[in-house]
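Listed below are the residues making up each chain.
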Amino acid sequence: MLGMIQMLINLSRRNKQSIMLSFDALAIICLIFASFWIRLDYLFYPAGNDKLLIAIFASPLLAIPIFSVFGLYREMIRFVGFNALWRIVQAASLFALLWGLIVFMANVEAVPRSVIIINWVLVILVIGSSRFIARWLLLGEVDSSNVVIYGAGSAGRQLSTALSQSKEYNPIAFIDDSSEINKHSINGLKIFSPNDLQSLIDKKNIKEVLIAIPSLTRARRHAIVNFLESFKVLVRSLPGVAELAQGKVKVNDLLEIDLRDLLGRESVKPNKDLFKKNILNKVVMVTGAGGSIGSELCRQILLSKPKKLVLYELSESSIYLINQELRDHNEFNIEVIPIIGSVIDKDRVFKICDLYGVQTIYHAAAYKHVPLVQFNPSQGVYNNTIGTMLLAEAAIASNVETFVLISTDKAVRPTNYMGASKRAAEMVLQALNELSHKTCFTMVRFGNVLDSSGSVIPLFKKQIEEGGPVTVTHVDIVRYFMMIPEAVELVIQAGAMSKGGEVFVLDMGEPIRIYDLARKMINLSGLEVLDKNNPGGDIEIQYSGLRPGEKLFEELLIDGKFSLTENK
């Protein structure tokens, strides 16, 4: 049953409409026969009455166009409401009226007038109930969260109406302090007192309580939150009208930012055929497995069914978190091996690669924060350049087949130690690729990834939550950006296309001005930028100046020359 419902959900819009049309056509014919049976009190079939048979079996040719005009096939079943029911009543009424007129004008015999009325009632009941039953079944298949609305006033009623159309939330009941409305119902939801909340949580598996009383004083809101703290539910609160008007609401109280909106372009579609070459049934190792890029690499690699996945990470806490996550989502029961170690430790890397028979290495371990590496240049070079060289030598010694270095756009004409250390690492691998006949070395170069550690996105979010200001180093500074999953998909594909020694450059679209990014994040948070043109705004953007080694713009190519791959 569940599989059939999911199959229906996944059907194209045209196929769903075809099913609805077929159901309605069959139902209309059956309901006319049912109307005769109800009126005459016996199973009726008009044998020998050709006019009546034609009138019955041709009735869908009249009904379906009428239903179409009233928009019954434009409605999305999962979100059908009472407005749709009213249109069904109108369409059924017009159909019954016209069908009756046609029958009597054509002088069709043996059709009692009451049959027209009975048929009208049955069409409304069956066509209408079919939509609501389908809505109930389809919404029941969505993994929604049962919620209780605290506050049965105007805001609570509007919220319940909105949530009833939602796939994520399933409103169960109202909670209200007023004893006068206790046990009454609004929008089909019963109103309970706060003392009944624990019983509701236990019986209805309530996950969240939504406070919908915008006019609450701060003291009263604090008291309600304190009361709800003792229950094992997530508490959310609608912002007060005054807070909204004054712009005091923080980003988390308003709109959640969709990072894809910040990208300003469509994500690059992956070529899934390339995913298997270096992963399927192979032993794969990811260095820096607990980082932003490394952890996403591990997630996507696991889905491509490697023989084993070796997590190599220096940070104990990071490797613990990604190891636990992968174990919880390891649907193919692939062996995941967490190894604590540094890429500088060549002997350990060799022993791990040799012991587990590693065939593919994705090298994501690096010091990548420009200001920190600029302040600690020796460690940046030691880890990023020397570490890459030692790791590569261990890979050659243990007969690793493919070695993919995740590089950066800052390696192009570098003006800082981080970029210089990564460019040196690229050159080391290109030299080793010339000497090695066992291991294929390749490099993938791209810019910033949205929401990674060290990215401006988490910093801007935090600054907006705190009420500003948002700090930008320079008004004209630009950067290339990608989503983390998008970048990782292209890293895996680049490794599959490599023949040895290439530097792959990801097509990251046009660079994005950081100032524009800051403005967009503020606006998507439901707030306004505070500047001389808008002195009544909420969040100010301040310029902190370029940091040591930082450039206004980054490049992806040294000489501007490139060749397109098959994966455009």
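Now for a description of the structure that goes with this document. (Residues numbered from 1 in each chain as written. Predicted model: local features only at pLDDT ≥ 70, side-chain atom pairs only at ≥ 80, totals over all residues. Heavy atoms only, no water.)

Considering the packing of helix H14 (residues 346-356) against helix H16 (residues 377-397)
Running from N to C, H14 and H16 cross one another at 35 degrees; their axes reach a closest spacing of 9 Å. Between H14 and H16 lies a crossing of right-handed hand. Seen from H14, the contacting residues are Lys346, Val349 and Phe350; seen from H16, they are Leu390, Leu391, Glu393, Ala394 and Ala397. Counted by class, the contact of H14 with H16 contains six nonpolar, no polar and two charged residues. (Axes fitted to C-alpha atoms, helices over the stretch in contact; angles between N-to-C directions. Helix = DSSP H or I, 4+ residues; strand = E, 2+ residues; numbered from the N terminus. Left-handed = near helix turned anticlockwise from the far one by under 90°. Contact = heavy atoms within 4.5 Å. Nonpolar A, V, L, I, M, F, W, Y, C, P; charged D, E, K, R; others polar.)

Describing the sheet that holds strand S1 (residues 145-150)
Taken in spatial order, the six strands make up an open sheet running S3-S4-S2-S1-S5-S6, and their pairing is mixed. Where the open sheet ends on each side, the last strands, each with one partner, are strand S3 (185-186) and strand S6 (234-237). Pairing between S1 and strand S5 (residues 208-211): four bridges, direction parallel. From the neighbouring strand, Val148 faces S5, where its bridge partner is Val209. (Pairing = 2+ DSSP bridges.)

Some thoughts on the pattern of salt bridges
A complete count under the given rule lists seven salt bridges for this structure. A salt bridge links Glu325 to Arg299, with the shortest nitrogen-to-oxygen separation between them at 2.5 Å. Of this pair, Glu325 sits in helix H13 (residues 316-328) while Arg299 sits in helix H12 (residues 292-303), and the two are 26 residues apart along the sequence. What makes Glu325 partly exposed here is its relative accessible area of 28%. Relative accessible area serves as the criterion here: at 28%, Arg299 is assigned to the partly exposed category. One connected set of salt bridges, linked through shared partners, spans Glu296, Arg299 and Glu325. (Salt bridge = Lys/Arg side-chain N within 4 Å of Asp/Glu carboxyl O. Buried < 20%, exposed > 50% of the residue type's maximum accessible area, 1.4 Å probe, protein only.)

Concerning the packing of H12 against helix H19 (residues 484-497)
At a minimum axis distance of 9 Å, the contact between H12 and H19 shows a crossing angle of 65 degrees. Here H12 is positioned roughly perpendicular relative to H19, judged by the angle of their axes. Between H12 and H19 the crossing geometry is right-handed. Facing Ser292, Ile293, Glu296, Leu297, Gln300 and Ile301 of H12, the residues of H19 in contact are Ile484, Pro485, Val488, Glu489, Val491 and Ile492. (Parallel < 35°, antiparallel > 145°, perpendicular 65-115°, else oblique.)

So, the environment of Ile352
If you trace the backbone, Ile352 turns up in helix H14. Owing to a relative accessible area of 8%, Ile352 belongs among the buried residues under this scheme. Here the alpha-carbon distance between Ile352 and Met285, two residues 67 residues apart in the chain, equals 9.5 Å. In contact with Ile352, not counting residues within four places along its chain, are Met285, Val310, Ile339 and Val358.

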